[in-house]
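Observations on chain architecture
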Amino acid sequence: MTQVAPGGGTTVQDHVALAEIDLCGDLIIAASAAEDRLSLASIDEVLRVAEERETLGSF
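My aim in this report is to walk through the structure given alongside it, one point at a time. This structure is a prediction, so every number in the text was calculated from the model and none was measured.

As a further point, take the overall build of the chain. Helix and strand counts for the chain come out as three helices and zero strands. When the helices and strands of the chain are read in sequence order from the N terminus, they spell out α-α-α. Counting across all 59 residues of the chain, residues that qualify as buried make up 2%. Accessible surface for the chain amounts to roughly 5500 Å². Of this, 58% is attributable to carbon and sulfur atoms.

With that settled, the discussion passes to the pattern of salt bridges. Going through the model one piece at a time under the given rule, you end up with one salt bridge. Measuring nitrogen to oxygen at the nearest pair gives 3.5 Å for the salt bridge that ties Arg48 to Asp26. Placement of Arg48 in the loop between α2 (40–46) and α3 (49–57) and of Asp26 in helix α1 (residues 15–33) is noted, with a sequence separation of 22 residues between them.

Rules of the game
Residues numbered from 1 in each chain as written. Predicted model: local features only at pLDDT ≥ 70, side-chain atom pairs only at ≥ 80, totals over all residues. Heavy atoms only, no water. Helix = DSSP H or I, 4+ residues; strand = E, 2+ residues; numbered from the N terminus. Buried < 20%, exposed > 50% of the residue type's maximum accessible area, 1.4 Å probe, protein only. Areas by Shrake-Rupley, 256 points an atom, 1.4 Å probe, with all protein chains shown as cover. Salt bridge = Lys/Arg side-chain N within 4 Å of Asp/Glu carboxyl O.

Honestly, it's all geometry; don't read function into it.
And the structure:
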């Protein structure tokens, strides 16, 4: 017997996955706007790596 998930109001959100999708979108936009390949520093800037390091370093 096939079971179907109940309809309406059963949305599950994975906040980590949504954040990763958002970052991928930011990278795609940056890459499409760039004249050449993105440097590692540019990728870090788009992904806000320095901000994350500062946040993690404050613990």
